[in-house]
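The primary structure of each chain is shown beneath.
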Amino acid sequence: MRAAAAALGLLFAAAAVWGQPVQQKRRELGQIQKELEKTRREISEFQKQQTSLSQQLRKLETHDLEGRRKIETIQRNIRQAEEKKSELKTRIGALQLASGFWKTTLSNELRDYQASAAARDDAFGTRALWGESFRRAAIAEKTTVLASLQGFSRKTEQAQAEVQRRSLELAGRSRKAKAEAQDSQERLEQTKAAFAENH
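What this report covers is the structure whose coordinates are included nearby.

Description of the side chain of Ser-174
So, step 1. Note on placement: Ser-174 falls in helix H2 (residues 126-198).
So, step 2. Ser-174 sits in the buried class, given a relative accessible area of 5%.
So, step 3. Beyond its immediate chain neighbours, meaning those up to four positions away, Ser-174 contacts Ile-74, Gln-75 and Ile-78.

As for the pattern of salt bridges
So, step 1. Applying the stated criterion to the full structure yields six salt bridges.
So, step 2. Its salt-bridge partner being Glu-180, residue Lys-70 comes within 3.6 Å of it at the nearest N-O pair. Separated by 110 residues along the polypeptide, Lys-70 in helix H1 (residues 2-119) and Glu-180 in helix H2 bring together distant segments of the chain.
So, step 3. By relative accessible area, Glu-180 is classed as partly exposed at 33%.
So, step 4. Close ionic contact of Arg-91 with Glu-87 constitutes a salt bridge, the shortest N to O distance being 3.1 Å. Here Glu-87 and Arg-91 lie together in helix H1, a separation of four residues that amounts to about one turn.
So, step 5. On the basis of relative accessible area, Arg-91 is assigned to the partly exposed category, the value being 32%.
So, step 6. Beyond isolated ion pairs, a larger network of salt bridges with shared partners links Glu-162, Arg-165, Arg-166 and Glu-169.

Definitions and cut-offs
- Residues numbered from 1 in each chain as written.
- Predicted model: local features only at pLDDT ≥ 70, side-chain atom pairs only at ≥ 80, totals over all residues.
- Heavy atoms only, no water.
- Helix = DSSP H or I, 4+ residues; strand = E, 2+ residues; numbered from the N terminus.
- Buried < 20%, exposed > 50% of the residue type's maximum accessible area, 1.4 Å probe, protein only.
- Contact = heavy atoms within 4.5 Å.
- Salt bridge = Lys/Arg side-chain N within 4 Å of Asp/Glu carboxyl O.

Right, here's the structure in full:
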């Protein structure tokens with residue numbers, strides 16, 4: 001029985017010696033599996049960040065492109081407003097010139113009419129009646145032309161003032177759009193830099 005007890009003790013001692021490396025290997029394997037899982041989570045998180053940065057980069061590039069288009073549209077509108085303003089200025093100059101001509105002509109007609117009225121003989125014939133009638137009609141027509149020119153001139157001046165107001169408004173919008181585009185460009189550069197760091 002002693003021999004059996006000694007054999008059994010030897011067997012337990014051998015099992016304990018063999019069991020130590022197996023348990024140690026199991027612990028090491030558990031630690032490796034934990035590290036592997038941690039690395040997988042880090043890789044997954046990195047991929048999520050990379051996807052997010054790619055989406056942000058595309059979004060900022062689109063926003064940058066839209067900002068540039070908006071600025072181009074505003075600048076085109078400003079050019080058109082300036083052209084319209086120049087056209088209206090030219091038209092006002094022409095209207096003032098025409099108005100001055102018709103004022104002078106009307107003034108001359110009235111002066112001639114007054115002179116003929118002062119020199120007329122009450123016992124005039126049919127020829128003088130027709131001359132008087134035509135003279136009055138010419139004066140009335142020139143007065144109407146002058147009034148319409150002045151009305152058109154006022155409307156043109158109002159249109160010019162509106163174009164000037166619109167031009168100032170567009171210039172303000174242009175400054176705002178440029179500032180937004182600059183901000184978008186800076187964010188785009190920051191996102192590109194962050195994206196480059198993660199690659």
